[in-house]
Amino acid sequence: MAECKVYVTRRIPTPGTKLLSQHFKIDSYDSDEAIPHEVLVEALKAKQYDALYCMLTDIINTEVLDAAGPQLKIVATMSVGYEHIDLHECSQRNILVANTPGVSTDSVAELTVALLLMTARRLPEGVEAVKTGKWGDWKPHWLCGTELTGSTLGIYGLGRIGFNVGRRLKPFGFSKIFYTDVHEVSYAKDIDAEFIDFDGLIEKCDFICVCCNLTPQTQHMFNGETFKRMKNNAILINTGRGGVIKHDDLVEALKNGDITAAGLDVTEPEPLPKDHPLVLMNNCVILPHMGSNTWDSRNAMAEIAARNCIAAISGQTPEGQVLTN
Ligand SMILES: O=C(O)[C@H](O)CO
């Protein structure tokens, strides 16, 4: 049997390369930076790769798939999100699509809790004050934040990550946990979470954690109209996808006091320019999309994406197969 070939769009953690090298001849973009789209297209042309191992920064569209050619069996992304891949086009061409579910659940859930606490208790402002010599005498009103105890928590998207955020936050003593999803899920009872529609979620919750994927249904669900209906004391946390929030509207909502604060690990666009109004606001805490940045998660993600490629060339169902139709 001819040797199978994979194109890898970035330097990846060693466990992924090790596994791939047992089954494939590997070509890769030898950089820690994202491959420019036109470079990816050129790299794939006439090379007859069996597998394309990509990242969430690579737009896998018709142009890329045309360049890869009809022998391509799989697009395996080293991410949970797969909104950068044209699923319809892959399905038309019988190309499998696979992601890395499960292995970054804990890391993203942990970071969501950290971001919620950072935002609620204004920790970045405190750290900044110490570093810049603004820590003066103790003052009754200085840097007061919001307590979690007794508040209502809303989780938008109770998948693996949303559930694990709820599980970690429950011991903080929220008076009630609500969740909104496309339908009710039985495991919600393990964290005593109550199903509620989107209107109820935004009107009742003091904290809302966005933990969903970006889909046509979730895109810009948090917009000017939504913010006007949220509680003025509400704090919005997003570790799902930036596109779920309309950022220009969030700027206005934070300025007008429609909501109190926001904590974002994902933004639209990414990276957010350093002079973006949200970056300059004290009531918005922004992290550079680092939810899955732990060695455990990244090594596991690299490995599962490699296993997905191997499954595809062995005629097996990849464990992270995404349904494309
Ligand atoms: O989709 C994912 O896996 C994450 O957003 C990357 O950290």
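Residues numbered from 1 in each chain as written. Predicted model: local features only at pLDDT ≥ 70, side-chain atom pairs only at ≥ 80, totals over all residues. Heavy atoms only, no water.

1. As for the domain arrangement of the chain
- For the chain, the assigned domains read domain 1 (5–103 + 295–323) and domain 2 (105–286).
- Measuring from the centre of the C-alpha atoms in domain 1 to the corresponding centre in domain 2 gives 32 Å.
- At the junction of the two partners, domain 1 supplies seven residues and domain 2 supplies five residues.
- Between domain 1 and domain 2, the buried area comes to about 560 Å², and carbon and sulfur atoms account for 41% of it.
- Together, Glu83, Gly102 and Ser297 form the three largest contributors to the area buried by domain 1 at its contact with domain 2, with a combined 58%.
- The interface formed by domain 1 and domain 2 contains one salt bridge.
- Partitioning the side of domain 1 that touches domain 2 into residue classes produces three nonpolar, three polar and one charged. (Domains from an automatic or database assignment. Contact = heavy atoms within 4.5 Å. Buried area = accessible area lost by both parts, 1.4 Å probe. Salt bridge = Lys/Arg side-chain N within 4 Å of Asp/Glu carboxyl O. Nonpolar A, V, L, I, M, F, W, Y, C, P; charged D, E, K, R; others polar.)

2. Quick look at the site of the ligand
- Taken together, the residues surrounding the ligand are Leu56, Ser79, Val80, Gly81, Arg241, His289, Ser292, Arg298 and Met301.
- In the environment of the ligand, an oxygen atom lies 2.8 Å from a nitrogen or oxygen atom belonging to the backbone of Gly81.
- Within the complex, the protein chains bury 89% of what would otherwise be the 240 Å² of accessible surface of the ligand.
- Of the residues that constitute the shell around the ligand, the class distribution is three nonpolar, four polar and two charged. (Near = heavy atom within 4 Å. Polar contact = N/O pair within 3.5 Å; in protein donor to acceptor, adjacent residues only side chain to side chain. Areas by Shrake-Rupley, 256 points an atom, 1.4 Å probe, with all protein chains shown as cover.)

3. Some words on the pairing of strand β7 (residues 176–180)
- Summarising burial for β7: four of the five residues are buried, a large majority.
- The pairing of strand β6 (residues 152–156) with β7 spans five bridges and is parallel. Directly across from Leu153, in β7, lies its bridge partner Ile177.
- Read from β6 through helix α7 (residues 160–169) to β7, the crossover connection turns out right-handed.
- Relative to strand β8 (residues 193–195), β7 is paired through three bridges, and the arrangement is parallel. (Buried < 20%, exposed > 50% of the residue type's maximum accessible area, 1.4 Å probe, protein only. Helix = DSSP H or I, 4+ residues; strand = E, 2+ residues; numbered from the N terminus. Pairing = 2+ DSSP bridges. Right-handed = clockwise from strand over helix to strand, strands pointing away.)

4. Overview of the pattern of salt bridges
- Here the structure, examined in full by the defined rule, presents 19 salt bridges.
- In this structure, the salt-bridge partner of Lys176 is Glu194, at a minimum N-O distance of 2.8 Å. Linking Lys176 in strand β7 with Glu194 in strand β8, this pair joins segments that are 18 residues apart in sequence.
- Across the pair Lys231 and Asp206 runs a salt bridge, and its minimum N-O distance is 2.8 Å. Within this pair, whereas Lys231 is found in the loop between α9 (224–229) and β10 (235–238), its partner Asp206 is found in the loop between α8 (198–204) and β9 (207–210), the two being separated by 25 residues in sequence.
- You can call Asp206 buried: its relative accessible area is 10%.
- Sharing partners across several salt bridges, the network here consists of Asp199, Glu203, Glu225 and Arg229.

5. Section: the packing of aromatic side chains
- What the rule picks out here adds up to seven aromatic pairs.
- Each ring, one from Phe163 and one from Tyr187, has its centre 5.4 Å from the other, and the planes form 85 degrees; the classification is edge-to-face. One end of the pair, Phe163, is in helix α7; the other, Tyr187, is in the loop between β7 and β8, with 24 residues separating them in the sequence.
- A relative accessible area of 15% means that Phe163 is categorised as buried.
- Its end group placed over the ring of Tyr49, Lys5 keeps NZ or CZ at 5.4 Å from the ring centre. (Phe/Tyr/Trp six-rings, centres within 6.5 Å; stacked < 30°, edge-to-face > 60°. Lys NZ or Arg CZ within 6 Å of the ring centre and 35° of its normal.)

6. Topic: α7
- Burial within α7 is extensive, with seven of its ten residues counted as buried.
- Restricting attention to buried positions, one finds in α7 the residues Ile161, Gly162, Phe163, Asn164, Val165, Gly166 and Leu169.

7. Thoughts on the UniProt feature "domain: D-isomer specific 2-hydroxyacid dehydrogenase catalytic" (unreviewed entry) in the chain
- Mapped onto the present numbering, the UniProt feature "domain: D-isomer specific 2-hydroxyacid dehydrogenase catalytic" (unreviewed entry) falls at residues 6–322.
- Helix makes up 33% of residues 6–322 and strand 15%, whereas the separation of the span's terminal C-alpha atoms amounts to 19 Å. (UniProt positions renumbered as here; feature names shortened; annotations may be inferred.)

8. Looking at the layout of surface pockets
- The computed volume of the second largest pocket comes to approximately 490 Å³.
- Those elements that provide at least two residues to the lining of the second largest pocket are α5 (105–120), α6 (123–131) and β12 (284–286).
- In terms of residue count, the dominant contributor to the lining of the second largest pocket is α6 (four residues).
- Classifying every residue of the lining of the second largest pocket by side-chain character gives 14 nonpolar, seven polar and four charged. (1 Å grid on protein atoms, 1.4 Å probe; cavity = no way out; pocket = protein on both sides within 12 Å on 5 of 7 lines; lining within 4 Å. Points joined across faces, edges and corners; volume = space filled by probe spheres on them.)

9. Overview of the UniProt feature "domain: D-isomer specific 2-hydroxyacid dehydrogenase NAD-binding" (unreviewed entry) in the chain
- UniProt's entry tags residues 113–291 with the feature "domain: D-isomer specific 2-hydroxyacid dehydrogenase NAD-binding" (unreviewed entry), counted in the numbering of this structure.
- Structurally, residues 113–291 is divided into 28% helix and 16% strand, and its ends, taken at the C-alpha atoms, are 11 Å apart.

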